[in-house]
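Next come the chains, spelled out residue by residue.
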Amino acid sequence: MTIDRTVSDAAPGHRDDDRPQIAVRCPADGRIVGAVDDLDAAEVARICEELRTAQPEWEALGPRGRIGYLLRWLDWLLDNEERLLRLVQAEAGKSWADASMEMAVAIDVINYFANNAESFLADRAVRPAGLANAIRRLRVQVRPHQLVGLITPWNGPLAGPMMDVVGALVAGAAVASKPSEVTPLTWREVVRGWREDIGAPPVLDVVTGGGAAGAAVVDRVDMVMFTGSVRTGRNIAVRCAERLIPCSLELGGKDAFIVLADADVERAATAAVWGAMTNSGQACIGVERVYVEAPVYDEFVAKVTEKVAALRQGMDAPGSFTTDIGAMVTAEQVDIVADHVQDALDKGARVLTGGQRRTDGNFFEPTVLVDVDHSMRCMREETFGPTMAIMEVGDENEAIALANDSDYGLSSSLWTRDPRRADRLSRRIEAGSVSVNNALVATFQLPVPMGGWKNSGLGTRFGGAQGVLKYCRQQSVVQDRVSLKTEPLWYPIIPAKSRVVARVSRLLGAHDWRRRLGRRGDGGSSRR
Ligand code: NAD
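In this text, all values refer to a predicted model and were calculated from it rather than measured experimentally.

Got a minute to help me understand the sheet that holds strand β20 (residues 457-458) in this structure?
As a general point, the strands of a sheet are linked pairwise by backbone hydrogen bonds and lie either parallel or antiparallel. Taken together, six strands build an open sheet; the order of strands is β7-β6-β5-β8-β9-β20 and the sheet is mixed. At either end of the open sheet lies a strand with only one pairing partner, and these are β7 (204-206) and β20. Alignment of strand β9 (residues 247-250) against β20, held across two bridges, turns out to be antiparallel. Bridge pairing in β20 places Leu249 opposite Leu458. Packing against the sheet, helix α5 (residues 159-171) makes contact with β5 (147-151), β6 (174-178), β7 and β8 (223-227), and its axis sits at approximately 175 degrees to β5.

Please clarify how the pairing of β9 should be interpreted in this entry.
One face of the sheet, then the other: side chains in a regular strand alternate in exactly this way. Here β9 shows a buried face lined by Cys247 and Leu249 and a second buried face lined by Ser248 and Glu250. Remark: the β8/helix α8 (residues 230-243)/β9 crossover connection has right-handed handedness.

What is the right way to read a nonpolar patch on the surface from this model?
A cluster of nonpolar side chains, namely Leu131, Val500, Val504, Leu507, Leu508, Trp513 and Leu517, defines an oily patch on the protein surface of about 710 Å² accessible area. With four residues, helix α16 (residues 495-509) is the largest single contributor of residues to the nonpolar patch. As for its placement among the helices and strands, Leu131 is situated in the loop between β3 (124-126) and β4 (136-144). According to the relative accessible area criterion, Leu131 is exposed, its value standing at 65%.

Please explain the site of the ligand as it appears in this structure.
Surrounding the ligand, one finds 28 residues, the nearest of these being Lys178, Glu181, Ser229, Leu251 and Glu382. Contact distances for the ligand include 3.4 Å between a nitrogen atom and a backbone N or O atom of Ala215. Arg461 places a polar side-chain atom, nitrogen or oxygen, 3.0 Å from an oxygen atom of the ligand. Those elements that provide at least two residues to the shell around the ligand are α7 (211-218), β8 and α8. When residues of the shell around the ligand are assigned to their parent elements, the largest contribution, three residues, is made by α7.

The rules we used
Residues numbered from 1 in each chain as written. Predicted model: local features only at pLDDT ≥ 70, side-chain atom pairs only at ≥ 80, totals over all residues. Heavy atoms only, no water. Pairing = 2+ DSSP bridges. Helix = DSSP H or I, 4+ residues; strand = E, 2+ residues; numbered from the N terminus. Contact = heavy atoms within 4.5 Å. Axes fitted to C-alpha atoms, helices over the stretch in contact; angles between N-to-C directions. Buried < 20%, exposed > 50% of the residue type's maximum accessible area, 1.4 Å probe, protein only. Right-handed = clockwise from strand over helix to strand, strands pointing away. Patch = residues over 30% accessible without salt bridge, like charges linked within 9 Å, V, L, I, M, F, W, Y side chains within 5 Å. Areas by Shrake-Rupley, 256 points an atom, 1.4 Å probe, with all protein chains shown as cover. Salt bridge = Lys/Arg side-chain N within 4 Å of Asp/Glu carboxyl O. Near = heavy atom within 4 Å. Polar contact = N/O pair within 3.5 Å; in protein donor to acceptor, adjacent residues only side chain to side chain.

Function cannot be inferred from these measures alone, as they are strictly geometric.
Okay, here's the thing in structure tokens:
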């Protein structure tokens, strides 16, 4: 086996030469570019124990201390940008443009939480409710889950884990991160950078291996953040329920893109192509289904077809930015795309451009499908590839009904020049976010939640403070301002005292004088 020696073979902090290895191949040409340990459950347990041991000191550093390490990590990422993006390319076969986006996401996420985490994690003073509690001082403070399991898929080797690890670390948790076995090299190196190059506390480690290693993580941690397929997400949710630990799931999508007749068709077409093809369509929030109102359908289809046909496909040289989209990460995913296209053709669809898999790597040509309907797999199942299926609709009601006719509900896109129409229709779309007159942007707005409805997930990532608080437990602290010798509800129960308590409670809680005074009435609601 040829292993790329520019990459350390050892997962940070542990090494066993007899351990089974997983080879990593470049999707663009099939060459082996590295290998990682396939860790077993005992090794995962050991890593988790080490992380737990390190966590209390990390929490004690406080947000400011933790942010200091995150900013040093950001410096390290930037200093090693080209080397890391070469790794992203090597294991994911991306165009340099798609690889570079991963660094942009990492920069945004670290800076956002570095700027805001202190206020997100601050204690919250709360006004007491009810006169009887006026003597109390209420505070909500947050404490992290000690150990978070972060399990990620293969479409974003750097950005995927980075989108979640920062919130967990800044919260004060330790993190056992489990990258996809298909693309583990970049993340392993980034974690090595955290531990060895910047000398950060050993509260972040990488668990390499396949599904069994991921399951072992779920068995050991206190909270799981998972991004990946619906099938695996459901398995993890079941296991978390058995263990009574929380999980947050970002799952698949089948995002709809609605173009109404009053839209800016040129901009919509450009955005649709970007939204469907970016990362070779391997984006959970990628545009998969397009519904276009009849008056602009022909114009939109013509523009989209021209733009898709012009896309340059291939893994370009590092730093060159000379292709638009790269390879697909796995041959199995290319099979799925080919199956969806064939199924559509069998049922009467037409390909306007693309439609073929290439034989020189994991490539499928950027493809536009028309004459599609909801009997076809390309309109119902996640394709996760460089295809766009376009359907003509009679009006906005039909567009919304079709957009909502899906098991998924991750994100969506709505195109109209009328802001009130956009506002009204956004409330009818069954998806976790709506980008109006844009594609994909809602996902990368860190102050608002990103989360899937229906089969697309459980919980949210980001969302301002919620992006950190999801890794925390809330702790309420109630202190009396004055210390009385006893309280009305405490023992002993004395009839006269208890009657007074009951009367005061009624006096303060009822909404009309008859009930305040405890008079018998007609049984009706004589509420003032
Ligand atoms: P996957 O579910 O097969 O694997 C994801 C991760 O889970 C991998 O690291 C894998 O090793 C691990 N895993 C597998 N079985 C496990 C188990 N039983 N317990 C614990 N971990 C286990 O997904 P994939 O094929 O790697 O990725 C593609 C999917 O990810 C697509 O469905 C895509 O939509 C989804 N995705 C979602 C988002 C989002 O934010 N919603 C983002 C990117 C990708």
